[in-house]
Amino acid sequence: MTEATLDTLTDILAARIARTGPITLADYMAEALLHPDHGYYATREPFGSAGDFVTAPEISQMFGEMIGLCLAQCWIDQGSPAPFALAELGPGRGTLMADILRATRAVPGFHDALELHLVEASPRLEALQSEALPAATWHAQVHDLPQMPLFLVANEFFDALPIRQFQREGDGWRERVVGLNDKAALTLGLTAPAPIAALQHRLEDTSDGNIVELCPALPAIVGDIASRIAEHGGAALIIDYGDWRSLGDTLQALKEHQSVDPFTDPGSADLTAHVDFEAIANATAPAAHTRLATQGVFLERLGITQRAQALATRLSGDALTNHVAAHRRLTHPAEMGDLFKVLGLYPANTLPPPGLEP
């Protein structure tokens, strides 16, 4: 039976597992998100109230305005290089970059010098982005970005990269893999314990049964960005939910704004995992990286409250109520303010991005 004769991604994965054995969680996530016919990004409208989740740019224009002015100040601090690449990883519907471009229109020389580059793995999302950002150049991977000064934002990009999970047992680790149960349904299982060189240092801060996640693609992506910034100049803002060091099972599936079982009907829900910012920081040489900041503190340092107050003078009624709620959602510790973190990359001989500490 060929893949073309199978009706669902569940069928395709079950046939593959029955033929060759259990697959890694990373392989499962990659298929569930990016399968060309049945993957989530090929078949679903993820964003906004009518989709499965809402990202910060969809909540308020203020988010993109703050990011745009931060990157523009980095560009000015580095002598206003021309030309330069203004880039975004995983641009969604293009909302964030559209706000960045609008907010920086008045920065002298910025738009004349920029070349717009977007990194997107989904042809369907690329088509959506082309409606909002027709002047962009698209790339399937970070490695294809041009060799020039690079000013980049990655908002909720790294959380969608496939992960592997390892459960500690003694001085070894058992990988959590996706197999089939006795009813031929997809389920998690464990490999035999074995030493894992990449997790040797985690024996110091974990105990039996603890789960640690690794993102195989992360070091190369961050290293590629960092090497360009170190060689040519620029800055990168990485914004995502997660923390300094991975611990525990953080894989989640969202469908219509509700959590669902990640292994039921793959391709129908968004799959993400918390970002390990320590792993990002460890991959930034030869560029420098900032201290990790919460999104709320970062946006406040950039002046989002003053911007919110200025916009509020023109609003009333429900529009004002929604505006105040959006500001709170982006910045308050009980909302996105503490859950989301920000890490900046920059050349070691320059100032860090505004709002972040060296």
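Residues numbered from 1 in each chain as written. Predicted model: local features only at pLDDT ≥ 70, side-chain atom pairs only at ≥ 80, totals over all residues. Heavy atoms only, no water.

1. A short note on the pairing of strand S7 (residues 172-180)
1) Next: Burial analysis of S7 places 7 of its 9 residues in the buried class, the great majority of the element.
2) Next: Here 2 bridges tie strand S1 (residues 23-24) to S7, and the two strands are oriented antiparallel to one another. Within S7, the position partnered with Thr24 by the bridge is Val177.
3) Next: Here strand S6 (residues 164-169) folds back onto S7, and the loop between the two strands holds 2 residues, one of which, Gly170, carries a positive phi near 65 degrees.
4) Next: Here 5 bridges tie S7 to strand S8 (residues 186-190), and the two strands are oriented antiparallel to one another. By the bridge assignment, Val177 is partnered in S8 with Gly189.
5) Next: Here S7 folds back onto S8 in antiparallel fashion, the turn holding 5 residues, of which Ala184 has a positive phi close to 65 degrees. (Buried < 20%, exposed > 50% of the residue type's maximum accessible area, 1.4 Å probe, protein only. Helix = DSSP H or I, 4+ residues; strand = E, 2+ residues; numbered from the N terminus. Pairing = 2+ DSSP bridges.)

2. Focus: the nonpolar core
1) Next: If you look at the biggest cluster of nonpolar residues, it comprises 56 residues, and the most contacted ones within it are Tyr28, Leu152, Phe158, Ile225 and Ile280.
2) Next: Of the residues forming this core, the biggest block, 6 residues, is contributed by helix H9 (residues 218-232).
3) Next: Here Leu152 is in contact with Leu71, Ala87, Leu89, Leu145, Ile225, Ala235, Ala236 and Leu237, once residues within four sequence places are set aside.
4) Next: Among the nonpolar cores identified, the runner-up in size contains 43 residues, and Trp75, Leu86, Ala293 and Val342 belong to it. (Core = buried A, V, L, I, M, F, W, Y, C linked by side-chain atoms within 4.5 Å. Contact = heavy atoms within 4.5 Å.)

3. Digging into the side chain of Glu156
1) Next: Mapped onto the secondary structure, Glu156 falls in the loop between strand S5 (150-155) and S6.
2) Next: Despite its burial, Glu156 remains without a salt bridge, the nearest opposite charge being carried by Arg329 at 8.4 Å.
3) Next: Apart from the residues within four sequence positions on either side, Glu156 is in contact with Thr55, Ala56, Ile239, Asp240, Tyr241 and Phe340. (Lys, Arg positive; Asp, Glu negative; His and termini not counted. Salt bridge = Lys/Arg side-chain N within 4 Å of Asp/Glu carboxyl O.)

4. Some details on the pattern of salt bridges
1) Next: Enumeration over the complete set of coordinates arrives at 17 salt bridges.
2) Next: As a salt-bridge pair, Glu58 and Arg93 come within 2.6 Å of each other at their nearest N and O atoms. Pair noted here: Glu58 is in helix H4 (residues 56-59) and Arg93 is in the loop between strand S2 (84-89) and helix H6 (95-103), with a separation of 35 residues, a long-range link.
3) Next: Taking the relative accessible area as the measure of exposure, Arg93 reaches 29% and is therefore partly exposed.
4) Next: Between Arg245 and Glu278 there is a salt bridge whose closest N-O contact spans 2.8 Å. Here Arg245, found in the loop between strand S10 (234-243) and strand S11 (252-255), pairs with Glu278, found in helix H10 (residues 277-282); they are 33 residues apart in sequence, far enough to count as distant.
5) Next: Residue Arg245 is classed as partly exposed on the basis of its relative accessible area of 33%.
6) Next: Look at Glu278 and you get buried, because its relative accessible area is 13%.
7) Next: Beyond isolated ion pairs, a larger network of salt bridges with shared partners links Glu65, Asp99, Arg102 and Arg307.

5. Some thoughts on the environment of Glu300
1) Next: Structurally, Glu300 can be placed in helix H11 (residues 295-302).
2) Next: By relative accessible area, Glu300 is classed as partly exposed at 34%.
3) Next: Sequence separation between Glu300 and Lys341 is 41 residues, and the spatial gap between their C-alpha atoms is 13 Å.
4) Next: Beyond its immediate stretch of four places on either side in the chain, Glu300 contacts Thr305, His327 and Thr331.

6. A few points about the packing of helix H12 (residues 304-312) against helix H13 (residues 317-331)
1) Next: Close contact between H12 and H13 brings their axes to 10 Å; oriented N to C, the two are set at 175 degrees. Compared by their axis directions, H12 and H13 come out roughly antiparallel. Where H12 abuts H13, its residues Ile304, Thr305, Ala308, Leu311 and Ala312 lie against Leu320, His323, His327, Leu330 and Thr331. (Axes fitted to C-alpha atoms, helices over the stretch in contact; angles between N-to-C directions. Parallel < 35°, antiparallel > 145°, perpendicular 65-115°, else oblique.)

7. Side note on the packing of aromatic side chains
1) Next: Throughout the structure, instances matching the rule amount to 8 aromatic pairs.
2) Next: Seen in terms of ring centroids, Tyr28 and Phe263 are 5.2 Å apart; in terms of plane orientation they differ by 40 degrees. Their pairing is tilted. Of this pair, Tyr28 sits in helix H2 (residues 25-34) while Phe263 sits in the loop between strand S12 (258-260) and strand S13 (270-272); the two residues are 235 residues apart in sequence, bridging distant segments of the chain. Considered together, Tyr28 and Phe263 belong to a single accessibility category, that of buried residues.
3) Next: Judged by centre distance (5.6 Å) and plane angle (65 degrees), the rings of Tyr241 and Phe340 are edge-to-face. In this pair, Tyr241 sits in strand S10 while Phe340 sits in strand S17 (residues 340-346), placing the two residues 99 residues apart along the sequence.
4) Next: For Tyr241, a relative accessible area of 6% translates into the label buried.
5) Next: Given a relative accessible area of 6%, Phe340 falls into the buried group.
6) Next: Of the aromatic side chains, those joined through ring pairs into one cluster are Trp75, Phe84, Phe110 and Phe151. (Phe/Tyr/Trp six-rings, centres within 6.5 Å; stacked < 30°, edge-to-face > 60°.)

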